[in-house]
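Here's the letter readout for the chains.
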Amino acid sequence: MNRLLLVEDDENLVFGIEYTLSSEGYRVSQAGSLTEARHVLHNEAIDLLLLDVNLPDGSGYQLCREIRETSQVPIIFLTALDEEANVVAGLEIGADDYVTKPVRTKELLSRIKAVLRRNQRSQQEVNIWCSGDIQVRLLEGTVFKKNEEITLTALEYRLLLMLITHPKQICRRDSLLSHLWDMSGEFVDDNTLSVHIRRLREKMEIVPATPEYIVTVRGVGYKWNANVEGK
């Protein structure tokens, strides 16, 4: 289930879009300002942003630029500014699409699905994920630390991929449990997740007790706390 972040300060529009997206099976977080959006992005793993341009504390363009410094999470601008110059500006700073208001819900849903499909294909085209001294080679299904191969179980490998492909974003425990269970076909409970996190840290971290990569966000989940590059 994809989690979307709707950054929009028009409460009536938020209600309509959130209802439509929830009805289609998306999990929706909402922010009415840049400050609130940054807070959500810091605390949740987001699969796509719907981002208004004009917000009470600044421009959506500004947030888009900030996000693109560290992340390729898909971004669709929602705005009443439909002039060509505005559309081009949004796309040139890294947006994936641009939807003008008033929003037509069927068109919005279609564009969201298309952007998510493109992003999924783009991630599948990545052969190697690199972060610090960690390297994950997807085609081989292998993981290296300081050029030494590390042996992971199937669940540990899936957990690593979930974390490393959402760098600097919190992966909630319930999302990780759902993802691991769906992918493995095995029941994974909260205690099992904690055990796998501990074992993964023992293999990935220099000092597991003070992790640099896999950090705990108490009461919420875990976060890959380092920059990641896909090749």
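Residues numbered from 1 in each chain as written. Predicted model: local features only at pLDDT ≥ 70, side-chain atom pairs only at ≥ 80, totals over all residues. Heavy atoms only, no water.

Undergrad: Could you clarify how one ought to interpret the pairing of strand β9 (residues 134–137) in this entry?
TA: The two faces of the sheet receive side chains in turn, since in a regular strand these alternate between them. Relative to β9, strand β8 (residues 128–131) runs antiparallel, the two being bridged by 4 bridges. Of the residues in β9, the one forming a bridge with W129 is V136. Taking the residues that link successive antiparallel strands as the turn, the β8-β9 hairpin has 2 residues, and the phi of G132 there is positive, at about 60°. Pairing analysis gives 4 bridges linking β9 to strand β10 (residues 142–145), with the strands arranged antiparallel. When the sheet's bridge partners are listed, R137 is paired in β10 with T142. Counting the residues that bridge the hairpin from β9 to β10 gives 4 residues, and of these G141 lies at a positive phi of roughly 65°. (Pairing = 2+ DSSP bridges. Helix = DSSP H or I, 4+ residues; strand = E, 2+ residues; numbered from the N terminus.)

Undergrad: Where do I start with the packing of aromatic side chains in this structure?
TA: Tallied over the entire structure, the rule returns 3 aromatic pairs. Here F77 and Y98 contribute two aromatic rings whose centre-to-centre distance is 5.9 Å and whose plane-to-plane angle is 55°, an arrangement assigned as tilted. Remark: Y98 occurs in strand β7 (residues 97–100) and F77 occurs in strand β6 (residues 75–79); sequence separation between them is 21 residues. For the pair formed by F77 and Y98, the shared burial category is buried. Measuring from ring centre to ring centre gives 5.0 Å for Y213 and W224, while their planes differ by 20°; the resulting arrangement is stacked. Remark: W224 occurs in strand β14 (residues 221–224) and Y213 occurs in the loop between α8 (190–204) and β13 (214–217); sequence separation between them is 11 residues. You'll find Y213 and W224 in the same group, each marked buried. The cationic tip of R137 hangs over the ring face of F144; the distance from NZ or CZ to the ring centre is 4.0 Å. (Phe/Tyr/Trp six-rings, centres within 6.5 Å; stacked < 30°, edge-to-face > 60°. Buried < 20%, exposed > 50% of the residue type's maximum accessible area, 1.4 Å probe, protein only. Lys NZ or Arg CZ within 6 Å of the ring centre and 35° of its normal.)

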